[in-house]
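These are the residues of each chain, in order.
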Amino acid sequence: MKELKLMKGNEAIAEAAIRAGADAYFGYPITPQSEILEYLMAEKPHERTGMVVLQAESEVAAINMVYGGAACGRKVLTSSSSPGISLKQEGLSYIAGSELPCVVVNVVRGGPGLGTIQPAQSDYFQAVKGGGHGDYRLIVLAPQSVQEMADFVDLGFELAFKYRNPVMILTDGALGQMMEKVWLQEQKPRMKTFPEWATTGKTPDRERNVITSLDLDSAEQEKFNLKLQEKYRKLEAEEVRFEHTETEDAEYLLVAYGTSARICQKSVRLAREKGIKAGLLRPVTLFPFPKKPLMELAGKVKGILTVEMSTGQMVEDVRLAVECKVQVEHYGRMGGIIPTPEEIVDALGNNFLK
Amino acid sequence: MAENTGIKDIVKDENLVYQKTSVLTDNVMHYCPGCGHGTAHRLIAEVIEDMDIQSDTLGVTPVGCAVLMYNYLDIDMQEAAHGRAPAVATAIKRLMPDKYVFTYQGDGDLAAIGTAETIHACNRGENIAIFFINNGIYGMTGGQMAPTTLSGMKSSTSPYGRDVQMMGNPMKMTELVAQLPGTWYVTRQTVHTPASVRKAKKAIRQAFENQKLKKGLSLVEIVSNCNSGWKMSPVEANKWMAENMFPFYPPGDIKLEGKLVVKE
């Protein structure tokens, strides 16, 4: 039965993981996402579903545990925040290179370096452009509410297994720490059968399964890379997710994801009260990026303003998507500062109405 | 023996005393002639066959010379990033506790880049086996200094010999992890003579048996040679190994049944 609870975003992710029938969580504490590991330890999912939870010695070890478990065909997730996600990039490249499914949660904080423990969206490049070495992409989901934090865990596993690709839930310290009501899905059973490629012990009826990202033959390595790119094109064709608000008659378009998008919804209302016909496009998948709907809107509006809690990272993808059809500007705050709805309306005016 | 006796006259079922284990594939190994990796692979494969656990065994291969181990063992295997094999094996074992899980790692992998993963998997007492091939050098990358390179030993990055003042001391990883409560069985073996090969096989078998009994972590170090990296012939390398490596890395058991072996 579905259940309504009041929870922190981080707790919702942890509870959603248990209910999604996850087989394991491997992680390492870091603010502002430590509640995920704390909740899982307190909930004893081993007793509830048999789910394994282990605190690793480092983020590096945790992501490699994810790699080991994912290779066995299991539903495995990990979570961290920006500096920890940087450490996980090695493992993510290997997981992507071995075409394994997993869910990685990044509750972003301000950087670079140790930065701040306050929310930010400055890991966009790292999330959508690869992050680790090699030509690979993560599927990136950007929730804007505690409800979506929970829902995207299950969706993440679905996409991860469908495409044999790591999925990142890119969220931030505001959503991780925020409490909201959340409908939790019914408990799903854990998987009993595993994909045919998984290393579960070679049986006499099949060849051995080898999980590796190594191919010393350049021709083969290029062939594999082309296959990966084909997968990413398929994702771009079939898995783009986005929402739009008041875009029907919009003259100015805000583009924002996650916490910023949530704030922009109020900015749209404020702008309209002032007589500025504003609308909002919210990418839900940051990779694959909603290029087509942006291109369509670019032909109708007079200007686009991206709002990000960063110096402007997604704005590059918006500019690429609209191919200079319309002026694209950026407004953002950094260092853990969250922009206000009023600031965003002002930025709209300053960029396009003066 | 008659001059025209061919090999086929000799190789007959009734004359066979030894056959290749079916757990080894027919692929030709890429290792340099005289290298210990081939022997170590064979011993692991033989133990898997002897214990009839081919379907229940999962291996984790390292980065380095043995990166292609999965081409030679007919079992499910995963290739780990450099040094991360113990973390990978931890997850496999936690998710499939009834399977036999082992890592196979060189000294660069286990004692340098993967020190943290090694020590913590040992300290947690993961119920896995770690096979540690120590040849005192980075083989695959062309003979650079390893943490296990002996004092005064030459390598491509210590061309005048390892200067411990400048480059630090050689590291006895096996003695180090033996101190940790999570390790159940820690031993150092070699594969350079028929007698030592038999002893090493017994140790490898013990490491798998310990998993069956869920005793905790077994680490079997095998001090081996690197003819190419040491720039010696196989025979010279084995001689040099016995004379120089064994005094610093003495073969023998270090921890048995969770207790350190007290040397008289």
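Preceding this section is the structure that the text describes.
Residues numbered from 1 in each chain as written. Chains lettered and ligands numbered in written order. Predicted model: local features only at pLDDT ≥ 70, side-chain atom pairs only at ≥ 80, totals over all residues. Heavy atoms only, no water.

Draft legend 1. The arrangement of the overall build of chain A in detail. Within chain A, the secondary structure is distributed over 13 helices and 15 strands. The principal-axis extents of the C-alpha atoms in chain A amount to approximately 75 × 50 × 40 Å. For chain A, with 354 residues in total, the buried portion stands at 59%. Once local pairs closer than 6 in sequence are excluded, the contacts in chain A between residues at least 24 apart make up 79%. Accessible surface computed for chain A: about 14,100 Å², of which carbon and sulfur atoms make up 51%. Taking the average location of the 42 positive side-chain charges in chain A and that of its 47 negative ones, the two points are 2 Å from each other. (Helix = DSSP H or I, 4+ residues; strand = E, 2+ residues; numbered from the N terminus. Buried < 20%, exposed > 50% of the residue type's maximum accessible area, 1.4 Å probe, protein only. Contact = heavy atoms within 4.5 Å. Areas by Shrake-Rupley, 256 points an atom, 1.4 Å probe, with all protein chains shown as cover. Lys, Arg positive; Asp, Glu negative; His and termini not counted. Charge placed at Lys NZ, Arg CZ, Asp CG, Glu CD.)

Draft legend 2. Main features of the nonpolar core. Of all hydrophobic cores here, the largest spans 123 residues; its most connected members are A:Phe26, A:Leu77, A:Leu286, A:Leu294, A:Ile304 and A:Val318. In terms of residues, this core owes the most to one element, helix H7 (residues 146-163) of chain A, which gives ten residues. A:Phe26 has contacts with A:Val52, A:Leu54, A:Ala62, A:Met65, A:Val66, A:Val76, A:Leu77, A:Thr78, A:Ser79 and B:Ala91, leaving out every residue within four places of it along the chain. B:Ala45, B:Ile75, B:Tyr185 and B:Ile222 belong to the second-largest nonpolar core, a separate cluster that totals 37 residues. (Core = buried A, V, L, I, M, F, W, Y, C linked by side-chain atoms within 4.5 Å.)

Draft legend 3. Expanded view of the state of the cysteines. Counting across every chain of the model gives zero disulfides over all chains. The thiol of A:Cys72 is not disulfide-bonded; the next cysteine sulfur, from A:Cys102, is found 13 Å away. (Disulfide = S-S within 2.5 Å.)

Draft legend 4. Here's a closer look at the packing of helix H10 (residues 258-273) of chain A against helix H13 (residues 341-352) of chain A. Residue and element names in this part refer to chain A. Closest axis-to-axis distance for the H10/H13 pair is 8 Å, and the angle between their directions is 60 degrees. It follows that H10 is oblique to H13 by the angle criterion. Regarding H10 and H13, the two cross each other, and that crossing is right-handed. On H13, the residues that touch Ile263, Cys264, Lys266, Ser267, Leu270 and Ala271 of H10 are Pro341, Glu342, Ile344, Val345 and Leu348. A breakdown of the residues in the contact of H10 with H13 according to their chemical character gives eight nonpolar, one polar and two charged. (Axes fitted to C-alpha atoms, helices over the stretch in contact; angles between N-to-C directions. Parallel < 35°, antiparallel > 145°, perpendicular 65-115°, else oblique. Left-handed = near helix turned anticlockwise from the far one by under 90°. Nonpolar A, V, L, I, M, F, W, Y, C, P; charged D, E, K, R; others polar.)

Draft legend 5. Spatial organisation of the interface of chain B and chain A. Listed as interface residues are 34 residues of chain B and, on the opposing side, 34 residues of chain A. Across the chain B to chain A interface the summed buried area is about 2,700 Å²; carbon plus sulfur atoms make up 60%. Where chain B packs against chain A, one counts four salt bridges. Across the pair A:Arg206 and B:Asp76 runs a salt bridge whose closest N-O atoms are separated by 2.7 Å. Run the count over chain B and chain A and you get 17 residue pairs in polar contact (both at pLDDT 80 or more). Listed by contribution, the elements that provide at least two residues to the side of chain B that touches chain A are strand S2 (76-79), helix H3 (85-95) and helix H5 (115-124) of chain B. Broken down by element, the side of chain B that touches chain A gets its largest block of residues, seven residues, from H3(B). In the side of chain B that touches chain A, the residues fall into 16 nonpolar, nine polar and nine charged. (Buried area = accessible area lost by both parts, 1.4 Å probe. Salt bridge = Lys/Arg side-chain N within 4 Å of Asp/Glu carboxyl O. Polar contact = N/O pair within 3.5 Å; in protein donor to acceptor, adjacent residues only side chain to side chain.)

Draft legend 6. Local environment of the pairing of strand S15 (residues 328-332) of chain A. Residues and elements named next belong to chain A. Note: strand S14 (residues 303-308) against S15, five bridges, orientation parallel. Within S15, the position partnered with Thr306 by the bridge is His330. Following the chain from S14 across helix H12 (residues 314-322) to the adjacent parallel S15, one finds a crossover that is right-handed. (Pairing = 2+ DSSP bridges. Right-handed = clockwise from strand over helix to strand, strands pointing away.)

Draft legend 7. The arrangement of the environment of A:Met334 in detail. All names here are of chain A. Structurally, the position occupied by Met334 is in the loop between S15 and H13. Met334 sits 114 residues away from Glu220 along the chain, and the two C-alpha atoms are 43 Å apart. Filtering out sequence-adjacent residues up to four positions away, Met334 remains in contact with Ser310 and Thr311.

Distances and angles like these do not, on their own, reveal function.
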